Amino acid sequence: MDDMSSFEERCRNAARLIDGHSSIMAFTGAGISTESGVSDFRSPGGVWERYRMVTYQEFIADRDARKGYWRMKSELFRELSNAKPNAAHIALAALERIGKLKCLVTQNIDGLHQDAGSSPGLVIELHGTNREAVCLSCSKRWPIGVVNSILEEVDFEPLCDECNGFIKPATVSFGQAMPEEEMVKAFRCAQESEVLIMIGSSLQVEPAASIPRFAAENGSKMIYVNRTETASDHLADILFRESAGKVMSRVLELLND
Ligand SMILES: [Zn+2]
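Residues numbered from 1 in each chain as written. Predicted model: local features only at pLDDT ≥ 70, side-chain atom pairs only at ≥ 80, totals over all residues. Heavy atoms only, no water.

1. So, the packing of aromatic side chains
Any aromatic ring pair is given by two values, namely how distant the centres are and how the planes are angled relative to each other.
Alright, step 1. Tallying each qualifying case throughout the model produces three aromatic pairs.
Alright, step 2. Here Phe-7 and Phe-240 contribute two aromatic rings whose centre-to-centre distance is 6.1 Å and whose plane-to-plane angle is 75°, an arrangement assigned as edge-to-face. With Phe-7 in helix α1 (residues 7-19) and Phe-240 in strand β9 (residues 238-240), this residue pair connects regions lying 233 residues apart in the sequence. Accessibility assignment for this pair places Phe-7 and Phe-240 in one class, buried.
Alright, step 3. An angle of 80° between the planes, with centres 5.3 Å apart, marks the rings of Phe-59 and Tyr-69 as edge-to-face. Pair noted here: Phe-59 is in helix α4 (residues 56-61) and Tyr-69 is in helix α5 (residues 63-81), with a separation of ten residues, a long-range link. (Phe/Tyr/Trp six-rings, centres within 6.5 Å; stacked < 30°, edge-to-face > 60°. Helix = DSSP H or I, 4+ residues; strand = E, 2+ residues; numbered from the N terminus. Buried < 20%, exposed > 50% of the residue type's maximum accessible area, 1.4 Å probe, protein only.)

Now the structure itself:
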């Protein structure tokens, strides 16, 4: 680990690592989106602080919990509709265009990677997406805007027009199982990755946090970009505490030189 060397030197080392390998993987968490104005649910003052957390089980069982959940989401959508991808999202999309980035695993549900130009097929959303809503009974899907626009009309309790089932944003809620297919794909990526760029996760939430660890165990080089200490900093070959946008745009510049 060379966290004592200068910013420029670490950027050069990161660019060299990426340049020298063909299978690059990115793993992103909430920290990459805070620079786009999306609040991390752990950060004070966010939407999350003003609402009680609703588990999947409560959502299913309790009408008031469902309504509270949708009220919280409708506030969050207002915040998300103003969010634009930042330099770090854009750099990852550029890494894909030059043929380096083979997969992008994210814990985020904000869709900003796709907005930045990353191919939907490349992005693996471990916690689902806020861009769609899904019927919990028949799995019918809607763009989130469609459901969001009728929330007040239906008193924050939208129901499926096919089967009358409960509709929920297509995210993985607390207490809900991780999507199996995405987990399998993410671990396969980690196994094949030669260099993993981790951006904006404190790597505390399992099982997502075990994905970068698995990459390291399979011989991948590790570049960590996170404002605060993570649970596995000791695995990082290159460690950044600087802003993700600043780091990734500099690394990209060096790659393009
Ligand atoms: Zn339905």
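2. Some points on the sheet that holds strand β6 (residues 167-171)
Alright, step 1. Taking strand neighbours across the sheet as the criterion, the three strands line up as β5-β4-β6 in an open arrangement whose pairing is antiparallel. Two strands close off the open sheet at either side, each with one partner strand: β5 (141-143) and β6. Strand-to-strand twist across the sheet, computed as the mean angle between neighbouring axes with direction ignored, equals 40°.
Alright, step 2. Summarising the sheet, strand β4 (residues 128-135) and β5 pair through three bridges and their orientation is antiparallel. The residue bridging Val-134 from the neighbouring strand is Arg-141, located in β5.
Alright, step 3. Packed onto the sheet, α5 meets β4 and β6 and runs at close to 45° relative to β6. (Pairing = 2+ DSSP bridges. Axes fitted to C-alpha atoms, helices over the stretch in contact; angles between N-to-C directions. Contact = heavy atoms within 4.5 Å.)

3. Quick notes on the domain arrangement of the chain
Alright, step 1. Looking at the chain, the domain boundaries give domain 1 (1-37 + 85-127 + 178-257) and domain 2 (39-82 + 128-171).
Alright, step 2. Put simply, the middle of domain 1 and the middle of domain 2, counted by C-alpha atoms, are 28 Å apart.
Alright, step 3. Tallying the contact residues gives 13 residues for domain 1 and twelve residues for domain 2.
Alright, step 4. Counting each side, the surface lost to burial between domain 1 and domain 2 is near 920 Å², with a carbon and sulfur contribution of 45%.
Alright, step 5. Across the contact surface, domain 1 and domain 2 share one salt bridge.
Alright, step 6. Of the charged contacts in the structure, one is a salt bridge between Asp-115 and Arg-131, with a shortest N-O distance of 2.8 Å. (Domains from an automatic or database assignment. Buried area = accessible area lost by both parts, 1.4 Å probe. Salt bridge = Lys/Arg side-chain N within 4 Å of Asp/Glu carboxyl O.)

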